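The lines below spell out each chain.
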Amino acid sequence: MARIRNRITLFLISLLITALFVAALCALQFLESSRIRALQASLLADAQWLGATLAQHPEHFTDAAAVAAQSLHQDAALLTASGVAAVVQADGRITPASDWRYTPIAATVQAGAVVSAKVDSQTMLVAAAAVPGTKDRVALVDPVQPQYIGLLADWRWLTAEFTVIALVSALAVALWSRRATAPLEQIAATTEAIANGDVHRRIPYWGQDEYGRISSAINSLTSSLSERMNDVAQEKNKIQGIIAQMASGVLVVDKTGVILVANEVAHAQLGNHHQQLIGRTHWEAAVPRVSAAIDAVLMKGEAQRKELTLPADLSVELNVTPIFGTHSEVVGAVAVLHDVSQFRQVERMRSEFVANVSHELRTPITAVRGFAETLLDGAIENPELRRQFVQIIYDEADRLNHLVVDLLELSKIESGHSIFHFEPADLGVLAENAADTLRHQAEQHGLALEVHLPEAPVVAEVAAERILQVLVNLIGNAIAYTPAPGRVDLTVLDGEATVQLVVQDTGIGIPQADIPRIFERFYRVDKDRSRRTGGTGLGLAIVKHIVEVHHGNIQVESQVGKGSIFRVNLPKRQMPNAAHPTGSAGNNFTNESQAHMLLS
């Protein structure tokens with residue numbers, strides 16, 4: 001803005017100086033012409049006065065001319081028809097006409113005229129006037145040089161005056177230009193600030209002139225721009241929030257393949273936990289099949305959809321959609337990676353469940369049908385075979401009934417239709433009841449079943465019948481998979497906010513590879529042993545769901561050939577909508593001797 005102000009100032013000062021210079025020249029010329037005209041008029045008047053004087057006293061020309069010449073400081077001459085008759089110089093001396101250097105000029109001047117002529121490089125004015133009553137003329141000669149000397153002095157004063165005027169005017173112009181360009185500078189500074197992102201800046205109002213109109217227009221434009229930027233920022237934040245909270249991975253790339261947006265899920269799916277995806281090309285960050293789909297969309301402008309497997313056996317459904325510009329050109333692409341691993345796992349588990357249910361149902365049904373056919377074929381007549389086969393049919397039907405009951409129970413728990421009545425209960429009493437229920441079965445297998453309780457009652461808010469069912473299932477499994485002579489221990493440990501129920505056996509143990517799957521429906525480590533003991537393969541699945549409904553968790557430790565330990569952690573109080581605990585935090589047990597016994 002200073003450049004414009006300086007340019008305006010320099011232009012106006014130059015224009016002013018030029019105007020003053022021209023005015024000074026015109027003034028000098030006017031002064032010069034005025035002085036010359038005044039000199040001519042004065043010289044002619046003097047000549048006329050001298051002519052009138054000579055007309056009254058013709059015989060006294062010399063005396064009158066001498067007096068006039070001395071008083072006027074001019075040369076005087078009497079001109080007759082034959083030429084210059086007499087000459088009296090400015091100092092009063094009478095000079096012969098032949099010696100007067102202005103004789104040729106004076107002889108040509110007519111009465112009443114004033115002429116200018118140069119004699120010996122000196123400019124002279126010659127005025128002639130008639131002598132009344134005669135044909136003679138008088139002439140006065142005056143040099144112009146003294147007038148120019150006075151004119152030079154006037155010119156110096158005039159120059160000084162114009163110089164002062166020019167300086168004052170230049171200062172006024174500078175102040176005026178500064179004041180005149182101040183609004184423009186303010187407008188420029190504000191627009192630069194707005195261009196740099198400060199959309200809250202406004203230009204002061206400058207009235208109804210052009211500056212005011214420009215200021216008002218820019219302020220209105222800035223307000224509109226600010227509102228649109230706020231809207232865009234809000235929309236951007238909404239989109240970023242939505243993308244960040246999406247359960248699917250999202251990648252946004254430009255037309256060159258550079259990643260512009262990537263949420264945390266995409267980082268995790270592509271295995272870039274510690275590497276930033278944004279700013280890198282999708283070929284550097286993504287797996288080849290994902291990059292190939294993105295490139296196909298960028299080149300063809302057609303959406304792509306496929307299912308593929310990422311590292312770590314992660315199944316995803318990939319949807320890539322093009323982003324079009326204002327002229328329908330492809331300017332980028334959006335890739336959404338939806339994790340379908342759990343869905344595929346559910347499908348697999350559903351297939352396995354159907355297969356397992358079919359198998360579990362087919363086995364007892366086949367047995368019942370086979371022995372029934374045998375009885376119908378004549379074995380019913382044999383009392384011993386009849387009783388044996390009917391007992392087998394009864395056992396298989398009972399097993400089938402248990403399977404259906406367990407399936408229905410598990411379905412109710414999973415669907416939330418099973419009712420749990422939570423109330424304070426002594427877990428020590430529940431442990432004793434569970435042990436009493438299975439003590440005879442343990443003795444038949446040659447096993448010792450012991451219950452370890454703290455001295456004080458352990459009270460927790462539980463569904464008593466369900467926790468009893470959990471203990472019975474866990475103890476029953478321990479008895480089924482522990483060969484004689486063996487031992488099964490049930491321990492209740494009291495913590496500050498939680499209670500732990502521990503079932504430990506000295507049985508065959510569980511391989512580490514099978515531990516993560518033992519709570520799946522129909523999953524058996526030893527299928528033959530499970531069928532021989534009458535197990536349905538649903539007991540541990542029911543146990544897990546009951547514990548989770550209590551907002552607890554179950555942990556398993558096992559070594560093959562040494563036995564297993566099942567730890568059930570339950571909160572003492574049931575909080576509404578509480579999250580399921582994921583670990584054993586808070587299990588600060590007061591009975592350290594019992595905990596030591598479990599680890600020994």
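Report follows, based on the coordinates.

What counts, and at which threshold
Residues numbered from 1 in each chain as written. Predicted model: local features only at pLDDT ≥ 70, side-chain atom pairs only at ≥ 80, totals over all residues. Heavy atoms only, no water. 1 Å grid on protein atoms, 1.4 Å probe; cavity = no way out; pocket = protein on both sides within 12 Å on 5 of 7 lines; lining within 4 Å. Points joined across faces, edges and corners; volume = space filled by probe spheres on them. Helix = DSSP H or I, 4+ residues; strand = E, 2+ residues; numbered from the N terminus. Nonpolar A, V, L, I, M, F, W, Y, C, P; charged D, E, K, R; others polar. Pairing = 2+ DSSP bridges. Contact = heavy atoms within 4.5 Å. Axes fitted to C-alpha atoms, helices over the stretch in contact; angles between N-to-C directions. Patch = residues over 30% accessible without salt bridge, like charges linked within 9 Å, V, L, I, M, F, W, Y side chains within 5 Å. Areas by Shrake-Rupley, 256 points an atom, 1.4 Å probe, with all protein chains shown as cover. Salt bridge = Lys/Arg side-chain N within 4 Å of Asp/Glu carboxyl O. Buried < 20%, exposed > 50% of the residue type's maximum accessible area, 1.4 Å probe, protein only. Expected span 1.5 Å × (residues − 1). Left-handed = near helix turned anticlockwise from the far one by under 90°.

Focus: the layout of surface pockets
Empty space within the second largest pocket amounts to approximately 270 Å³. Together, 14 residues line the second largest pocket, and I239, Q240, I243, V261 and A262 are the ones closest to its centre. Per element, the largest residue contribution to the lining of the second largest pocket is five residues, and it comes from helix α5 (residues 210–245). Looking at the lining of the second largest pocket residue by residue, the class counts come to 10 nonpolar, two polar and two charged.

Structural notes on the pairing of strand β10 (residues 314–324)
In the case of a regular strand, side chains alternate between the two sheet surfaces. Where strand β9 (residues 304–310) and β10 come together, seven bridges link them in antiparallel fashion. Of the residues in β10, the one forming a bridge with T309 is S315. What sits between β9 and β10 in their antiparallel hairpin is a turn of three residues, with A312 showing a positive phi close to 65 degrees. Judged from the nine bridges that link them, β10 and strand β11 (residues 330–339) form a sheet pairing that is antiparallel. Note on β11: the bridge partner recorded for N319 is V336. Here β10 folds back onto β11 in antiparallel fashion, the turn holding five residues, of which S328 has a positive phi close to 65 degrees.

Overview of the pairing of β11
For strand β7 (residues 249–254) and β11, the ladder comprises six bridges, and the chain directions are antiparallel. Of the residues in β11, the one forming a bridge with V253 is A333.

Some points on the environment of L501
Inspection of the secondary structure assignment puts L501 in strand β16 (residues 498–505). Separated by 30 residues in the primary sequence, L501 and L471 have C-alpha atoms spaced 8.4 Å apart. L501 has contacts with L427, I467, L471, T491, V492, F566, R567, V568 and L570, leaving out every residue within four places of it along the chain.

Topic: the sheet that holds strand β18 (residues 563–571)
The mixed open sheet is built from five strands, whose spatial order is β13-β15-β16-β18-β17. In the strand order of this sheet, the two ends are held by β13 (447–452) and β17 (553–559), each with one partner. The mean angle between the axes of side-by-side strands here comes to 10 degrees, regardless of whether they run parallel or antiparallel. In this structure, β13 lies alongside strand β15 (residues 486–494), joined through six bridges in parallel fashion. The residue bridging V451 from the neighbouring strand is L490, located in β15. Along the sheet, helix α11 (residues 427–444) makes contact with β13, β15 and β16, crossing β13 at roughly 175 degrees. Lying on the sheet, helix α12 (residues 464–480) is in contact with β13, β15, β16, β17 and β18; it crosses β16 at an angle near 20 degrees.

As for the sheet that holds β7
Strand order in the open sheet made by the five strands is β8-β7-β11-β10-β9, with antiparallel pairing throughout. A single partner strand is all that each edge strand has here, and the edge strands are β8 (259–262) and β9. In this sheet, neighbouring strand axes are inclined to one another by 20 degrees on average, regardless of whether the strands run parallel or antiparallel. Contacts from helix α8 (residues 288–300) reach β7, β9, β10 and β11 within the one sheet, and its direction differs from that of β9 by about 165 degrees.

Focus on a nonpolar patch on the surface
A surface patch of nonpolar side chains, amounting to about 280 Å² of accessible area, comprises F21, V22 and L25. Relative to the assigned elements, L25 resides in helix α1 (residues 2–56). By relative accessible area, L25 is classed as partly exposed at 38%.

Let's talk about helix α14 (residues 539–549)
Burial analysis of α14 places eight of its 11 residues in the buried class, which makes it a mostly covered element. One or two positions beyond α14, positive phi appears at H551, with a value near 60 degrees.

Some points on α5
Here α5 contains 36 residues, and its C-alpha end-to-end distance of 52 Å stays within 8% of the 52 Å for a straight helix at 1.5 Å per residue. Regarding α5, the residues found buried are G212, S215, I218, N219, T222, S226 and I243.

Considering the packing of α12 against α14
Between α12 and α14, whose axes approach to 9 Å, the crossing angle comes to 145 degrees. Regarding α12 and α14, the two cross each other, and that crossing is left-handed. Of the residues in α14, those touching α12 at R466, Q469, V470, N473, L474 and N477 are G539, L540, I542, V543, I546 and V547. In terms of residue class, the contact of α12 with α14 is built from seven nonpolar, four polar and one charged.

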